[in-house]
Amino acid sequence: MPKSSPRTYSKHSQAAVALLGELIRAARIERKIPAQELADRIGISRGLLQRIEKGDMKCEIGAAFEAADILGVALFDADERTLDNYARQARARLALLPKAARRPARKIDDEF
């Protein structure tokens, strides 16, 4: 199997993931929850939790969000009700857009 090419991430994305990891680690330490206990509650390995806390870009986003939720780390600077409103607005917006994004077909010049 060929080795996959390395993925590049924007500095903004890297900073956001690093910040989330730091917030999760700080909240875990403040609440005096051992890493293994939190990992067990989430259903992941302790190593994956450590990678999340270090800001590894290749970690599963669901696991990171679950860790944040369990620890009470606010995501998107919004409560659950506000997130539901944002999701409803996004669904309404998507309903108005085409089902798929397609490039316009290239006109073929078949005049010989």
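The structure this text deals with has already been given above.
These lines cover the structure that appears in this document, whether it is placed above or below. (Residues numbered from 1 in each chain as written. Predicted model: local features only at pLDDT ≥ 70, side-chain atom pairs only at ≥ 80, totals over all residues. Heavy atoms only, no water.)

Before going further, it helps to examine the overall build of the chain. When its secondary structure is counted, the chain shows 5 helices and 0 strands. Put simply, the chain runs from its N terminus to its C terminus through helices and strands in the order α-α-α-α-α. Expected size for 112 residues packed as a compact globule is a radius of gyration near 13 Å; at 20 Å, the chain overshoots this value by more than 25%. Taking as baseline every contact in the chain between residues at least 6 positions apart, the subset at least 24 positions apart corresponds to 57%. A total of about 9,800 Å² of accessible surface is found on the chain, and carbon and sulfur atoms cover 53% of it. The positive charge centre, built from 21 side chains, and the negative charge centre, built from 16, are 4 Å apart in the chain. (Helix = DSSP H or I, 4+ residues; strand = E, 2+ residues; numbered from the N terminus. Rg over C-alpha atoms; globule rule 2.2 N^0.38 Å. Contact = heavy atoms within 4.5 Å. Areas by Shrake-Rupley, 256 points an atom, 1.4 Å probe, with all protein chains shown as cover. Lys, Arg positive; Asp, Glu negative; His and termini not counted. Charge placed at Lys NZ, Arg CZ, Asp CG, Glu CD.)

Next up on the list: helix α3 (residues 46-54). For α3, every residue scored as buried is listed here: L48, L49, I52 and E53. Looking straight down α3, one finds that the buried residues subtend no more than 140° of arc, so they occupy a single side. Buried residues along α3 sit against α1 (11-30), α2 (35-42) and α4 (61-71). Positive backbone phi, approximately 85°, marks G55, located one or two places after α3. (Buried < 20%, exposed > 50% of the residue type's maximum accessible area, 1.4 Å probe, protein only. Arc of directions from axis to C-beta.)

Turning our attention to the packing of aromatic side chains. The description of two aromatic rings rests on the distance between their centres and on the angle between their planes. The full count for this structure, using the stated rule, is 1 aromatic pair. Centre to centre, the rings of F65 and F76 are 6.1 Å apart; their planes meet at 90°, and the pair counts as edge-to-face. Of the two residues, F65 is situated in helix α4 and F76 in the loop between α4 and α5 (80-96); the sequence distance between them amounts to 11 residues. Its relative accessible area of 30% is what places F65 among the partly exposed residues. (Phe/Tyr/Trp six-rings, centres within 6.5 Å; stacked < 30°, edge-to-face > 60°.)

Worth remembering: the numbers are spatial, not functional.
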